[in-house]
Every structure is written in structure tokens, then in C-alpha cells.
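Structural characterization, general
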Amino acid sequence: MSRPAASFDDWRALARRRLPGFLFGYVDGGSGDEQTLRDNVAAWQQLRLRQHVLRDVSDCRIATRLVGCDARLPLALAPVGLGGALRRRGEVQAALAAQAFGVPFTLCTPSICSMEEVRAATATPFWYQLYMMRDRGIVRELLQRAQAVQCPVLVFTVDLARVGQRRADVRHGMDGGGGRAAALRRVGSVLAHPRWAWDVALRGSPLVFGNLRPYLPKATTLADFRTWVDAQFDAGVTWQDIEWLRAQWPGPILLKGILEVDDARRAADIGVQGIVVSNHGGRQLDGAVATAAALPRITEALAGRGLTVLVDGGIRSGHDIIRARALGADGVMVGRPWVYANAAGGQAGVARWLGQMEHELASSLGLMGLADVARVGREHLAD
Ligand SMILES: Cc1cc2nc3c(=O)[nH]c(=O)nc-3n(C[C@H](O)[C@H](O)[C@H](O)COP(=O)(O)O)c2cc1C
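With respect to spatial proximity, 24 residues lie near the ligand, and among them Pro79, Tyr131, Thr157, Asp312 and Gly335 are the closest. Between the ligand and Thr157, the relevant distance is 2.7 Å, taken from an oxygen atom to a side-chain nitrogen or oxygen of the residue. In this structure, an oxygen atom belonging to the ligand sits 2.9 Å away from a main-chain N or O atom of Arg336. About the coverage of the ligand: the protein hides 98% of its 600 Å² of free accessible area. At the level of elements, helix H2 (21–28) and helix H15 (336–367) are the ones that each hand at least two residues to the shell around the ligand. In the shell around the ligand, the residues fall into 10 nonpolar, nine polar and five charged.

Moving on to the nonpolar core. The biggest cluster of nonpolar side chains holds 116 residues, and the ones touching the most others in it are Leu75, Leu77, Leu255, Ile275 and Trp353. When residues of this core are assigned to their parent elements, the largest contribution, 11 residues, is made by H15. Discounting residues that sit within four places of it in the chain, Ile275 has contacts with Leu254, Leu255, Ile258, Ala264, Ala267, Ile298, Leu302, Leu307, Thr308, Val309 and Leu310. One finds Ala71, Trp127, Val155 and Leu254 within the second-largest nonpolar core, a separate group that totals 13 residues.

What follows deals with unusual backbone geometry. Excluding glycine, residues mostly carry a negative phi; peptide bonds, for their part, are mostly trans. Unusually for a residue other than glycine, Leu82 sits at a positive phi of about 65°. Tracing the chain through its elements places Leu82 in the loop between strand E3 (75–77) and helix H4 (90–101). Within the chain, Ser205 stands out as a residue other than glycine whose phi angle is a positive 40°. Tracing the chain through its elements places Ser205 in the loop between helix H9 (194–202) and helix H10 (222–232).

The rules behind the values
Residues numbered from 1 in each chain as written. Predicted model: local features only at pLDDT ≥ 70, side-chain atom pairs only at ≥ 80, totals over all residues. Heavy atoms only, no water. Near = heavy atom within 4 Å. Polar contact = N/O pair within 3.5 Å; in protein donor to acceptor, adjacent residues only side chain to side chain. Areas by Shrake-Rupley, 256 points an atom, 1.4 Å probe, with all protein chains shown as cover. Helix = DSSP H or I, 4+ residues; strand = E, 2+ residues; numbered from the N terminus. Nonpolar A, V, L, I, M, F, W, Y, C, P; charged D, E, K, R; others polar. Core = buried A, V, L, I, M, F, W, Y, C linked by side-chain atoms within 4.5 Å. Buried < 20%, exposed > 50% of the residue type's maximum accessible area, 1.4 Å probe, protein only. Contact = heavy atoms within 4.5 Å.

This is a description of form; function is not addressed.
Next comes the structure, spelled out in C-alpha cells:
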């Protein structure tokens, strides 16, 4: 019997035990030397919070609205590809946990569960994340499907002009390489993790990409999928395509993957409703600046322009949410933590992890002498 998880590291350890090595490596790894992956976490932790005492904090307000959606705390679940391969019908389980708790869930394009499956299982519409494909007919169709299932927000990811080199995936053949030897090692790893094999491999169809099924019907291996991604993901995408996108999608758009002030200004000029300051969780440009370091300049540059600014990468605790708010973000997105909680405990795991984030946020806020998360500002960080 394992100890109950109480921190990110605990959830990660539980997920590691449960998942075959190639899947754990796929989630846990970053690109290149993983410098940015490490920096993301360290940059939040370097920020020190100021403690104030003897102020009435008996009633702490932490709820907010993010791009027009209610959020019980300033947090949304980030889009994570293959999320449904980590637990049976994993995206449905996470979406149900997010709905019950009251925070937005983002379904990515390369998900296992299709948007129609997640919508049928939930009452609250979720956010939908998209990449630009070369075949704009597919993009149009995906947007129409997302509208049909009433997704209120489009998260459009712009930091994947090319797929970053993730060495864990190369080692495990998750990039489609490695041939028979890598495939045999993956089978061995599945057999060594019988709980995952029974829950997901045998009963969960983890290799069918729900949203993309109509467009890549012949994908039976990772190599098939990777070949399709390389052919379809459009490295030629520019700001003009974002203007095109605006005409296709009537609702709010969040541009995800902004790290520089000039790009943030351009996003505002083009008329999107918000941005996510992100480096894809350290999975794309290795050596890129940590999001906590990029955030203050961007929020300063966008002050008064009415955009929602979210940030992700390395958020590991409730007090990291306070740090993000102190640097001007409206809220955070979180990737690996919900995925590990899902891998370890499914819907109940995600629900417990969300409860822990809430508890940490409210508790730290109170210990800072604050009764409302909306009041957190730069002055609440120590010099
Ligand atoms: C395994 C994995 C798959 C991801 N897939 C996607 C994706 O399909 N679309 C996307 O926009 N971001 C994707 N991301 C990036 C996340 O949305 C988010 O930016 C990142 O995980 C935040 O960093 P964190 O994991 O440190 O919280 C993925 C991240 C991980 C870890």
C-alpha cells in the first residue's frame, strides 16, 4: 500500500510506478538538455512571498473568471497530448474531475478521447486546443466540430513550428524510430506494468487518436502517427494565419506559447482575447527563458489592453499560483501535475490533486495576510 500523495513529487512517483517507462518518459521529459524544463520550476521557487500577520483572513476569496468562464481557483488544466493513454479514457476522467471541482479543462487535438466523447460524458463545455495543419480543410472541420460541442474557448498553440527533440522519446522509440528492438522493449515495459496493461492497454484503446481519427485512419503505430504529424503540422504558419483563424472562430482565442514582449503586443494588436505565456513545459526550444522570468515584462507591456494573460510551465503548488498572480498573470495552466494525478488515480486522483492546490493557495494567501486572490500584486513578493 503506497502512502497518500501530498505533493507534486508524490504524484509523480505514483505515476512513475504505474506507467510503462516509455509513457512516463514521454510526459516527464523535456527537449534537448532539459535546461528550460528545470528553469521553469526553479524560477517560481526563487520568488519569495511576504508574510503579513494580524489581518482578518477568516474568509479567503480565491474564485475568479478566466476568459468568461468561472474558475473556483485561477487555474485551468493544460492541453496534454495522449493524455488518455495514461489512464483508461483519461481525458474523460480528467474533464469530469475538472467539471466537478469547477475549473476549465482543455482538450488537445492529439487526444485519445475525441471532443464528442468528452462532451457526451460532461455537462460543462471544455476548452479546445488546436495546432495549425497544412490542410486548412482539416482545421476548418476541427473548428466546426469544436463549435458543435460548444467549446467556449479556442487555445491555439503557436510554439510548435517544429517538434522539439525530446531525448526520452528517442530512447524509447516514441518518436517513431528505434524499429523492432524499441517496439519489443516497449512490450516488455507494458508487461512489467500489469495494472496499466489491464486498465489501459487491454480496455482503453490507447492508440486511437479520437479527434484525428477521420484524418489518419491508417495509424496503427507511433511511426504512422509521427509521419502524419510531420506532414501536417504547418511550420509555415504566420500572423496572417491567425487573422484567418479569427474569421473562422467566433469565440475567444488564447494564443499559447508566447514568450516575448513583441509577440505579446502583436497578439494584442491582432485582436485575440488572451495569451498563454508558455514554452510548452520545456518541451520545445531548450534554452528558452523560464516562463516566470518572461512573464513580468509581458504583463507590463499588455497593461490596460484588456487581454487575459495565463502562464504555464513549472507550476507545482498552490503558492506558485500566488507567484504567478504577483507577476501579473490572471491565472495559470498546469500540465504534468494533473497528468500524474490522473495516471495515479484517475478522476479521483485529479480531484484530490485539485483539492490540494486549492488548500495550498488559500492557506498561503491567508498566511500572507490576504483575504482575496485578486489583491495579490508585485508588492507581495520579497525583493
Ligand atoms: C506530455 C505532454 C504533452 C503535451 N501536449 C500538448 C499539446 O498537445 N498541445 C499543447 O498546446 N501543449 C501540450 N503540452 C504542453 C502543456 O499544455 C503545457 O504547456 C505544459 O505542460 C506546462 O508545463 P508543466 O507540465 O510544467 O505544467 C504538453 C505537455 C506535456 C507534458
